[in-house]
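Residue-level structure breakdown
Listed below are the residues making up each chain.
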Amino acid sequence: MILMMPQVEEVLPAIYRIEVPLAGSPLKSINSYLIKGKERNLIIDTGMDTDECRQALGQALRLLNVDLQKTDFFITHFHADHLGLVFQLASEKSSVFLNGPDLAALKSAIFWKKAIGFVPRHGFPESEARYALKIHPASSFKLKDLEKFKVPSEGDTITVGNYCLQCLETPGHSHGNMCLYEPQEKILFSGDHILGDITPNIALNIDWSYNPLKKYISSLEKIYNIDVNLVLPGHRSIISNCRQRITELINHHRQRNEEILAVLKKSPANAYEIASKISWDMPGTWDHFPVIQKWFAVSEVLSHLKDLEVKGLVLCEALGDNFIFRRK
Ligand SMILES: [Zn+2]
């Protein structure tokens, strides 16, 4: 690996990892990847639509002599830290790829309404929920040109230089999350599907009929069965042992289910109360968590509760307009 400047490294010939800072976020930074080709380049994920991200990525792209007129974009999923900057970077001649379910979610714009009708019924104070949605990274989107997006399907290929990338549907972290796999070099651009030093957030916050954790685990198993030498994730360090990391992630979610069951063994509780009682990889105590982190935490607990309900281990009961959970 060749270090070119603090935030740019050449991971493989013509494949660059560009670390784009996310100040104030526990994620710290996002990895944007550039693949340089003779005719066209491809950028995978971009960073948020902020001055900080624009300057960092812009500087790296200038250093690498990237002509945006000759550059296409692949966005692994619709979260603001991956998609946000693409509207600034894409030129008229750029193709921008984003999976169908995430694009549909962006177009529908009813997400917030549904979330505000759902999460407070699980104990999240409504005023705090409104604030969380106001400062949510996705609220900063300046959506435009959504019609220009191209929707890849499972097995579609994108060729850049010597690399032929296969699109793999891996729902879980988002409804339509997609990875790119290069079978010759056996590399996987995993977006947030597989991360090394942190665990991807699996959230349920609008639709109780959907089980994102189940989808996520089967998407992990799908990748487990593929031969991967190197995982290039959306955040933090590159991962060399893909199967070991997948096993760790599956075990992590099993342990989280156990932790939630242990809380419910003491007494029935709503999702917000459960989130305040289990462990989080965050400094400080629950009461001091920023509201937006509480939002992510409760959304994650709800995805576990849904999974536990489907497995027949917990019961979800309506108490007036609100819901509580008890062990079965
Ligand atoms: Zn994400």
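Let me begin by describing the structure that accompanies this report. What you are looking at is a predicted structure, and each value in this text was computed from that prediction instead of being measured. (Residues numbered from 1 in each chain as written. Predicted model: local features only at pLDDT ≥ 70, side-chain atom pairs only at ≥ 80, totals over all residues.)

**So, the overall build of the chain**
Cut-off, in case you're wondering: Helix numbering and strand numbering both begin at the N terminus, where a helix is a DSSP run of H or I of at least 4 residues and a strand a DSSP run of E of at least 2. Both definitions apply: the radius of gyration is a C-alpha atom measure, and the globule rule equals 2.2 Å times residues to the power 0.38. Every C-beta atom is placed from the backbone, and the number of other C-beta atoms within 10 Å of a residue's own sets its class: buried at 20 or more, exposed at 12 or fewer, partly exposed in between. Distance between backbone-placed C-beta atoms decides contact: two residues are in contact if it is within 7 Å.
Secondary structure summary: the chain contains 10 helices and 15 strands in total. Its C-alpha radius of gyration of 20 Å places the chain within 12% of the 20 Å reference for a compact globule of 328 residues. Considered along the principal axes of its C-alpha atoms, the chain spans approximately 60 × 40 × 35 Å. Residue burial in the chain is summarised as follows: out of 328 residues, 41% are buried. The contacts in the chain between residues at least 6 apart in sequence include a share of 64% that link residues at least 24 apart.

**Describing the packing of helix H5 (residues 111–118) against helix H6 (residues 126–135)**
How two helices sit against one another is set out by the angle between their axes and by the gap between those axes. The cut-off we apply is this: Structural elements are reduced to axes, namely lines fitted to C-alpha atoms, with helices fitted over the stretch in contact, and the angle between N-to-C directions of any two is expressed from 0 to 180 degrees. Here the word oblique covers every angle except those under 35 degrees (roughly parallel), over 145 (roughly antiparallel) and from 65 to 115 (roughly perpendicular). Left-handed describes a crossing whose near helix is turned anticlockwise from the far helix by less than a right angle; the clockwise case is right-handed. Residues are grouped as follows: Ala, Val, Leu, Ile, Met, Phe, Trp, Tyr, Cys and Pro are nonpolar; Asp, Glu, Lys and Arg are charged; all remaining types, including Gly, are polar.
Between H5 and H6, the least distance of the axes is 10 Å, while the angle of their chain directions is 155°. Between H5 and H6, the crossing angle belongs to the class labelled roughly antiparallel. Crossing of H5 over H6 shows right-handed handedness. Of the residues in H6, those in contact with Trp-112, Ala-115 and Ile-116 of H5 are Ala-129, Arg-130 and Leu-133. Classifying every residue of the contact of H5 with H6 by side-chain character gives five nonpolar, no polar and one charged.

**Notes on helix H1 (residues 51–63)**
As a reminder of what qualifies: The span you would expect from a helix comes to 1.5 Å times its residue count less one. Taking the helix axis as origin, the arc is that swept by the directions to the C-beta atoms.
Here H1 is 13 residues long and its end C-alpha atoms lie 18 Å apart, about the 18 Å a rise of 1.5 Å per residue gives. Among the residues making up H1, those that are buried are Cys-53, Ala-56, Leu-57, Ala-60 and Leu-61. When H1 is viewed along its axis, its buried side chains cluster within an angular range of 125° and face the same direction. In H1, the exposed residues that point more than 90 degrees away from the buried face are Asp-51, Gln-55 and Arg-62. Among the residues trailing H1, Asn-65 stands out with phi positive, at a value near 55°.

**Some remarks on the sheet that holds strand E12 (residues 187–191)**
Pairing between the strands of a sheet is mediated by backbone hydrogen bonds and can be parallel or antiparallel. Basically, it comes down to this: Strand pairing follows a simple DSSP-based rule, namely that at least 2 bridges must link the two strands.
The five strands lie next to each other as E9-E10-E11-E12-E13, forming an open sheet whose pairing is mixed. Among the strands making up the open sheet, the edge pair consists of strand E9 (157–160) and strand E13 (230–233). Strand-to-strand, the axes of this sheet are offset by a mean angle of 25°, without reference to chain direction. Sheet topology note: the E9/strand E10 (residues 163–169) ladder contains four bridges and is antiparallel. Bridge pairing in E10 links Ile-158 to Leu-165.

**What to know about the environment of Asp-81**
Here Asp-81 lies in helix H2 (residues 80–83). Residue class for Asp-81 comes out buried when judged on the 25 C-beta atoms lying within 10 Å of it. Sequence spacing of Asp-81 and Trp-286 is 205 residues, and the spatial spacing of their C-alpha atoms is 24 Å.

**What about the pairing of strand E2 (residues 8–12)?**
With four bridges joining them, E2 and strand E3 (residues 15–21) adopt antiparallel strand pairing. Across the sheet, Leu-12 pairs through a bridge with Ile-15, a residue of E3. Between the antiparallel neighbours E2 and E3 lie two residues, among them Ala-14 with a positive phi of about 70°.

**Side note on the pairing of strand E6 (residues 71–75)**
Defined as follows: By definition, the crossover connecting two strands over a helix is right-handed if that path, from the first strand to the second, turns clockwise as seen with the strands pointing away from the viewer.
E6 sits mainly inside the fold: five of its five residues count as buried. Of the two faces of E6, the one carrying Thr-71, Phe-73 and Ile-75 and the one carrying Asp-72 and Phe-74 are both buried. Bridge count between strand E5 (residues 41–44) and E6: four bridges; the pairing is parallel. Note on E6: the bridge partner recorded for Ile-43 is Phe-73. Once you follow E5 into H1 and on to E6, the crossover reads as right-handed. Of the strand pairs in this sheet, E6 and strand E7 (residues 96–98) are connected by three bridges, and their pairing is parallel. Counterpart to Phe-73 in the pairing with E7 is Val-96.

**Quick word on the nonpolar core**
Put simply, the test is: Note on terminology: a nonpolar core is a set of buried residues of type Ala, Val, Leu, Ile, Met, Phe, Trp, Tyr or Cys, with members joined through C-beta atoms within 7 Å.
Leu-188, Val-298 and Val-301 are the most contacted members of the largest nonpolar core, which has 82 residues in total. Per-element tally for this core: the top contributor is helix H10 (residues 291–310), with eight residues.

**Some points on H6**
For an α-helix the count is 3.6 residues per turn, leaving residues at separations of three or four pointing the same way. All of the buried residues in H6 are Ala-129, Ala-132 and Leu-133. For H6, the angular spread of buried residues about the axis comes to 95°, placing them on one side. Those residues of H6 that are exposed and aimed more than 90 degrees away from the buried face are Ser-127, Lys-134 and Ile-135. Contact partners of the buried residues in H6: H5 and H10.

**Overview of the packing of helix H8 (residues 242–266) against H10**
Here H8 crosses H10 at 85°, and the two axes come no closer than 10 Å. For the element pair H8 / H10, the angle class is roughly perpendicular. Residues Arg-256, Asn-257, Ile-260 and Leu-261 of H8 lie in contact with H10, whose contacting residues are Val-301, His-304, Leu-305, Asp-307 and Leu-308. Classifying every residue of the contact of H8 with H10 by side-chain character gives five nonpolar, two polar and two charged.

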